[in-house]
Amino acid sequence: MKKHSKFQGTKINPSRFHPSQIRYLVILTPVVMFMLLPLLYIFNHAFKPLEELFYYPPRFIVERPTLANFTRLFQVTGTSGIPMSRYFFNSVIVTVLVLVASVLISTMAGYALSKLNFKGKKAMNEINTLSLMFVGIAVTIPRYLIVEQLGLIDNFFVHVLPYLAVPVGLFLIKQFVDQIPNELIDASRVDGANEWQIYTKIILPLIKPAIATIVILSFQTVWNSADTSTTYINNDLLKTFAFYMNTLTANTNAVAGQGMAAAASLIMFLPNLIIFIVMQSKVMDTMAHSGIK
Amino acid sequence: MTKKPMKRNLRNNLVGWSFLSIWAIGFILFMAYPLILSFYYSLSKVTLSGEGIIVDFIWFENYRQIFSSAAGFSFLQSVRDFAFEILFKVPIITVFAIIIAVLLNQKMKLRGLFRAVYFLPVIIASGPVINQLISQGAATIPLVEESGLIDLINSTFTESLAKPIANIFSELIVILWVSGVQILVFIAALQKIDRSTYEAAMIDGAGPWESFWKITMPALKSMVTVSIIFTIINLATFSENDAILHIKNNMFALDTGFGFSSAVAWIYFIALALILGVAMFAIRLFTKDKVRR
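Values in this document were obtained by computation on a predicted structure and should not be read as measured data. (Residues numbered from 1 in each chain as written. Chains lettered and ligands numbered in written order. Predicted model: local features only at pLDDT ≥ 70, side-chain atom pairs only at ≥ 80, totals over all residues.)

Trainee: Can you explain the overall build of chain B? Please cite residues and give values.
Mentor: Within chain B, the regular secondary structure consists of 15 helices and 2 strands. Counting all 293 residues of chain B, 35% fall into the buried class. Summarising the internal contacts of chain B: among those between residues at least 6 apart in sequence, 73% fall at separations of at least 24. (Helix = DSSP H or I, 4+ residues; strand = E, 2+ residues; numbered from the N terminus. Buried ≥ 20, exposed ≤ 12 C-beta atoms within 10 Å, placed from the backbone. Contact = placed C-beta atoms within 7 Å.)

Trainee: Go over the overall build of chain A, please, and point to the residues and values.
Mentor: Tallying secondary structure elements over chain A gives 14 helices and 0 strands in all. Traced from its N-terminal end to its C-terminal end, chain A shows the element sequence α-α-α-α-α-α-α-α-α-α-α-α-α-α. The buried share of chain A, reckoned over its 293 residues, is 40%. Within chain A, contacts between residues at least 6 apart in sequence are counted, and of these 75% link residues at least 24 apart.

Trainee: Tell me what's going on with the domain arrangement of chain A, and back it up with residues and numbers.
Mentor: All names here are of chain A. Here the domain parsing of chain A yields domain 1 (18-66) and domain 2 (82-284). Taken over C-alpha atoms, the centre of domain 1 sits 30 Å from the centre of domain 2. Residue-level contacts link 7 residues of domain 1 with 7 residues of domain 2. Elements that contribute at least two residues to the side of domain 1 that touches domain 2 include exactly α2 (22-46) and α3 (50-53). Top contributing element to the side of domain 1 that touches domain 2 by residue count: α2, with 4 residues. Looking at the side of domain 1 that touches domain 2 residue by residue, the classes come out as 5 nonpolar, 1 polar and 1 charged. (Domains from an automatic or database assignment. Nonpolar A, V, L, I, M, F, W, Y, C, P; charged D, E, K, R; others polar.)

Trainee: Any details on the interface of chain A and chain B? Residues and values, ideally.
Mentor: Listed by partner, the interface residues are 78 residues for chain A and 75 residues for chain B. Every element with two or more residues in the side of chain A that touches chain B is listed here: α1 (2-5), α2, α5 (84-115), α6 (121-132), α7 (140-149), α8 (167-179), α11 (208-223) and α14 (254-284) of chain A. Of all the elements, α2(A) adds the most residues to the side of chain A that touches chain B, at 13 residues.

Trainee: Which residues make up helix α3 (residues 70-104) of chain B, and what values do they have?
Mentor: With 35 residues, α3(B) extends 49 Å between its outermost C-alpha atoms, agreeing within 8% with the 51 Å of an ideal straight helix rising 1.5 Å per residue. At Ile86(B), α3(B) is bent by approximately 25 degrees, the largest bend along its length. (Expected span 1.5 Å × (residues − 1). Bend = angle between axes of the 7 residues up to and from the residue.)

Trainee: Go over the confidence of the model for chain B with me, naming the residues and quoting the values.
Mentor: For chain B, the mean per-residue pLDDT works out to 78, and 78% of the residues sit at or above 70. Under the prediction, the complex receives an ipTM of 0.77, its pTM being 0.80. (pLDDT = per-residue confidence, 0-100.)

Trainee: How would you summarise unusual backbone geometry if you had to cite specific residues and measurements?
Mentor: A positive phi angle, near 65 degrees, is found at Asp154(A), a position not held by glycine. Mapped onto the elements, Asp154(A) comes out in the loop between α7 and α8.

Trainee: A description of the packing of α8(A) against α11(A) should follow, citing residues and the corresponding values.
Mentor: Residues and elements named next belong to chain A. Relative orientation of the contacting elements α8 and α11 amounts to 165 degrees, with a least axis distance of 9 Å. Classified by the angle between their axes, α8 and α11 sit roughly antiparallel to one another. The chirality of how α8 crosses α11 is right-handed. Contact with α8, carried on its side by Gly169, Leu172, Ile173 and Phe176, involves Pro209, Ala210, Thr213, Ile214 and Ser218 of α11 and no other residues of that element. (Axes fitted to C-alpha atoms, helices over the stretch in contact; angles between N-to-C directions. Parallel < 35°, antiparallel > 145°, perpendicular 65-115°, else oblique. Left-handed = near helix turned anticlockwise from the far one by under 90°.)

Trainee: Go over the confidence of the model for chain A with me, naming the residues and quoting the values.
Mentor: Residues and elements named next belong to chain A. The pLDDT averaged across chain A works out to 79; a share of 84% of its residues lies at or above 70. Summarising per-element confidence for chain A, the mean pLDDT is lowest in α1 (42) and highest in α5 (91). Between residues 1-10, whose pLDDT stays under 50, and residues either more than four places distant or in other chains, the model counts 11 contacts. Low confidence marks residues 287-293, where pLDDT is under 50. Its contacts with residues over four positions away, or in another chain, come to 17 contacts.

Written out as structure tokens, the structure reads:
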């Protein structure tokens with residue numbers, strides 16, 4: 001095992017199997033089962049016929065799979081005025097805008113708070129850590145007033161703006177920037193790099209795992225959020241997919257609604273899974289290349 | 001560092017704040033200002049009417065009510081339960097995340113896949129998916145409940161202790177599901193350790209147990225703090241948290257309203273800050289003790 005380590009320092013999977021690996025696999029595999037249970041549940045639940053949905057205790061595996069939940073969901077869809085694609089399109093735009101902007105803003109701020117020296121840095125750090133603890137829901141009404149004062153009610157960008165300065169994202173990014181050795185930055189400064197070059201050429205490539213994590217986390221928050229649509233938007237054309245899915249399942253009767261809700265949550269969940277699969281290799285693709293040991 | 005001329009300082013401040021500026025503006029608008037407003041509301045009787053929001057300043061009446069009314073009492077109780085929960089869950093999650101991270105850092109077959117699966121809960125635990133799972137009772141292990149373990153716990157511990165312990169066992173799966181980011185953070189720290197350090201230690205006669213405490217743990221120390229902060233915040237702002245449900249329910253309730261709800265949120269905020277403070281103090285004590293030995 002150790003013999004190969006020199007050659008495989010940057011590879012995730014070693015190419016050869018060795019009996020000494022068995023002990024790790026023995027511990028890791030059973031827990032993996034637990035980790036996969038929710039996925040199994042979401043997929044199976046959506047295909048359950050009505051009576052299976054109400055089994056107690058709930059079962060993970062569907063016994064007689066059916067597409068009835070989906071057909072019912074799309075039938076309701078057909079009767080309302082605005083096409084589903086419109087909501088979907090809205091959500092895609094909102095999500096892309098939030099991801100790009102929030103990654104840019106929080107990495108820049110994280111770099112400043114971690115590696116630059118300026119007045120007020122310490123205070124800003126403390127303020128951010130403190131505001132982590134404040135529960136978002138408690139500022140719903142004050143935020144509404146601000147949005148109103150800024151004249152942003154029924155403005156499309158109101159879906160984006162509240163998600164741009166999220167304390168958790170900055171907190172995680174900053175922790176990763178902290179890990180980058182100062183020597184690396186000093187060396188490039190000696191070589192004549194300015195702050196912007198250090199940020200784009202050194203910091204950003206080295207914190208890719210953190211960026212990928214933030215992308216996954218904020219994708220979920222934004223994609224699944226119906227709050228901005230309910231609170232700030234009156235115009236139906238500007239509402240998001242998550243909001244639409246919520247109304248679909250909320251307006252029907254409780255029993256049939258259960259099946260539709262299961263189908264809708266699978267549809268809502270799939271993009272999360274896709275983003276995760278795309279981003280996860282970057283998340284786990286190590287900080288091993290950082291150059292300085 | 002030597003004393004810098006004034007000009008240099010000015011330049012540093014300018015660069016630092018320009019990296020931070022966009023974030024700072026967003027933060028002030030959508031976080032800081034709403035927070036200040038919500039504190040003002042917590043000192044007021046807030047009535048939502050057709051013409052807008054009517055705010056009557058009543059000093060600390062809302063806070064007095066929290067400590068004297070039934071609604072306030074059940075909130076305080078849920079904060080107390082939450083504090084107990086933290087006390088048990090945070091160490092469990094941290095230890096679990098460290099163990100898994102160390103295992104996932106070993107060379108073995110399918111390591112990439114394992115890492116992905118252990119990070120997978122991130123897209124489940126913070127999304128609406130977990131709410132659905134919990135509300136349908138799929139998040140508990142039926143075995144745990146049926147094996148009589150819960151009864152055993154109830155009979156051996158006092159009432160205030162038994163509840164959180166029983167909770168932990170019935171929420172065992174949920175605990176595994178919320179440790180994704182923590183595992184990632186530890187893996188990132190582990191990858192900074194040079195493998196040759198372990199080899200050198202081994203040649204000097206250190207066993208795996210000693211290597212773990214003398215090499216691995218010191219490298220993880222700063223990340224333990226990060227992981228604990230993240231865990232507490234993640235649990236505290238989890239949307240199904242009892243205390244948050246109190247804030248939500250009181251917000252539009254007729255007898256209490258947004259003023260009361262803001263006061264509740266602020267008390268929760270202060271409680272969380274205290275919990276974090278105690279946790280930080282404990283970590284500092286613990287690490288100091290290590291150094292002395």
